[in-house]
Amino acid sequence: MTGSAACPACGAPAAKPLERLSTRRLRQGWLEPHLQVDVAALLPATAALALHRCDTCDLTWFHPATAGDAAFYAALQAHDWYYQDDKPEYAQAAAQLGGAALRVLEVGCGAGRFARHLPAGSRYRGLEFNDAAVARARAAGLDVQRRDLADEAAAAPGAWDVVCHFQVLEHVADPGAFMRHCARALRPGGLLLAAVPSDDAWPGQAVNAWLNLPPHHLTRWSDRALLALFAQVGAGEATLWHEPLPDAERPVHDDALA
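Since the model is a prediction, treat every value here as computed from it, not as a measurement.

**Looking at the side chain of serine 198**
Logical step 1: Its place among the elements puts serine 198 in the loop between β8 (186–195) and β9 (219–220).
Logical step 2: A polar side-chain atom of serine 198 sits 3.2 Å from the main-chain amide nitrogen of aspartate 200.
Logical step 3: Beyond its immediate chain neighbours, meaning those up to four positions away, serine 198 contacts Pro203, Gly204, Trp221, Asp223 and His242.

In structure tokens form, the structure reads like this:
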């Protein structure tokens, strides 16, 4: 849980909230038939969460908000639609790597499926806290550790040619600290890769999209906010890529725009 309403990316003071979200309504929403997740223990004792947008870096975030725990994600993963074994951004990320063997650290790696996209001879390590995902990754022969990113970065600063995370940053309560740890683990001149839902696209217009709310998503990332965070941690020149709309998400996209 973030300790104050200051921006969790750049630390700027929060402006007046854009809106407030009833924690009672949030609990009810997560219990809807397609989700059936009890989040009561993960929500703060306040009557409402405030939604802020940073005037400095453009990040949007909820305060106070608690990240989902292992039981929360286990409940979501019971739904076969929740977890993608192969994300569209994997191929795009792999295209940035070239053909030479690399040392690659993936944070929040799940079962380590991104490892299949790496150049031959690459050294891969994943960090993951879901026990079932760790077990699947290790059964596939992957080096996946149930270890905190801060500990990894402190133990071996500058050890990795590539540090990446896919659909992780929006789940993190302190994205500024998280990205600083990523940058510390990366060698000078290395490649930092991140994938997030774009708040400039249809997810930013979807009302009552429960997966875009706490305790699942704690932050919302515009292009401007993501580029600002990369600049803040000294990641060098950054480029953006937007995934084309998948056919499976077109009905939700059309509803949001309507």
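**Overview of the packing of aromatic side chains**
Logical step 1: Throughout the structure, instances matching the rule amount to six aromatic pairs.
Logical step 2: For the pair phenylalanine 72 and tyrosine 73, a centre-to-centre distance of 4.9 Å together with 85° between the ring planes defines the contact as edge-to-face. Judged on exposure class, the residue phenylalanine 72 and its partner tyrosine 73 are both buried.
Logical step 3: A ring pair is formed by tyrosine 90 and phenylalanine 114, whose centres lie 5.3 Å apart and whose planes are at 50°; its orientation type is tilted. Taken together, the positions of tyrosine 90 in helix α3 (residues 88–95) and phenylalanine 114 in the loop between β4 (103–107) and β5 (123–127) put the pair 24 residues apart, joining distant regions of the chain.
Logical step 4: Note on tyrosine 90: relative accessible area 1%, which makes it buried.
Logical step 5: The exposure class assigned to phenylalanine 114 is buried, which follows from its relative accessible area of 0%.

**A few points about the state of the cysteines**
Logical step 1: For the coordinates displayed, the defined rule picks out zero disulfides.
Logical step 2: Among the cysteines around cysteine 109, which has no disulfide bond, cysteine 164 carries the closest sulfur, lying 9.1 Å off.
Logical step 3: Cysteine 164 supplies the cysteine sulfur nearest to cysteine 182, a cysteine that is in no disulfide, at a spacing of 9.0 Å.

**Examining the sheet that holds strand β3 (residues 60–63)**
Logical step 1: Ordered by their spatial adjacency, four strands build an open sheet running β1-β2-β3-β9, and the pairing between neighbours is antiparallel. In this open sheet, the two strands that pair with only one neighbour each are β1 (19–22) and β9.
Logical step 2: On the sheet, helix α1 (residues 23–30) packs against β1 and β2 (48–53) and is oriented at approximately 55° with respect to β1.

**So, the packing of helix α6 (residues 175–185) against helix α7 (residues 223–232)**
Logical step 1: Relative orientation of the contacting elements α6 and α7 amounts to 50°, with a least axis distance of 10 Å. With respect to their mutual orientation, α6 and α7 come out oblique. Between α6 and α7 lies a crossing whose hand is right-handed. For the pair α6 and α7, the contacting residues are Pro175, Gly176, Met179 and Arg180 in the first and Leu229, Phe230 and Gln232 in the second.
Logical step 2: Tallied by class, the residues present in the contact of α6 with α7 amount to four nonpolar, two polar and one charged.

**Considerations on the sheet that holds β5**
The strands that make up a sheet are held in pairs by hydrogen bonds between backbone atoms, and each pair lies either parallel or antiparallel.
Logical step 1: Strand order in the open sheet formed by five strands is β6-β5-β4-β7-β8, with parallel pairing between adjacent strands. The outermost strands of the open sheet, each flanked by one partner alone, are β6 (144–145) and β8.
Logical step 2: Bridge count between strand β7 (residues 160–166) and β8: six bridges; the pairing is parallel. Bridge pairing links valine 162 to leucine 191 in β8.
Logical step 3: Sheet contacts for α3: β4, β7 and β8; angle to β7, the most-contacted strand, approximately 160°.
Logical step 4: Across the sheet, α6 lies against β4, β7 and β8, angled at about 140° from β8, the strand it touches most.

**Some details on helix α4 (residues 131–139)**
Helical geometry note: an α-helix holds 3.6 residues per turn, so side chains three or four residues apart project in the same direction.
Logical step 1: Those residues of α4 that fall on the buried side of the exposure criterion are Ala133, Val134 and Ala137. Considered in projection along α4, the buried side chains sweep an arc of 100° and stay on one side of the axis. When the buried face of α4 is taken as reference, the exposed residues oriented beyond 90 degrees from it are Asp131 and Ala139.
Logical step 2: On its buried face, α4 sits against β6.
Logical step 3: Two or three places before alanine 132, at the opening of α4, asparagine 130 has a side-chain oxygen 3.1 Å from that residue's backbone nitrogen.
Logical step 4: Looking one or two residues beyond α4, the residue adopting positive phi is glycine 141, at roughly 85°.

Conventions we followed
Residues numbered from 1 in each chain as written. Predicted model: local features only at pLDDT ≥ 70, side-chain atom pairs only at ≥ 80, totals over all residues. Heavy atoms only, no water. Helix = DSSP H or I, 4+ residues; strand = E, 2+ residues; numbered from the N terminus. Polar contact = N/O pair within 3.5 Å; in protein donor to acceptor, adjacent residues only side chain to side chain. Contact = heavy atoms within 4.5 Å. Phe/Tyr/Trp six-rings, centres within 6.5 Å; stacked < 30°, edge-to-face > 60°. Buried < 20%, exposed > 50% of the residue type's maximum accessible area, 1.4 Å probe, protein only. Disulfide = S-S within 2.5 Å. Pairing = 2+ DSSP bridges. Axes fitted to C-alpha atoms, helices over the stretch in contact; angles between N-to-C directions. Parallel < 35°, antiparallel > 145°, perpendicular 65-115°, else oblique. Left-handed = near helix turned anticlockwise from the far one by under 90°. Nonpolar A, V, L, I, M, F, W, Y, C, P; charged D, E, K, R; others polar. Arc of directions from axis to C-beta.

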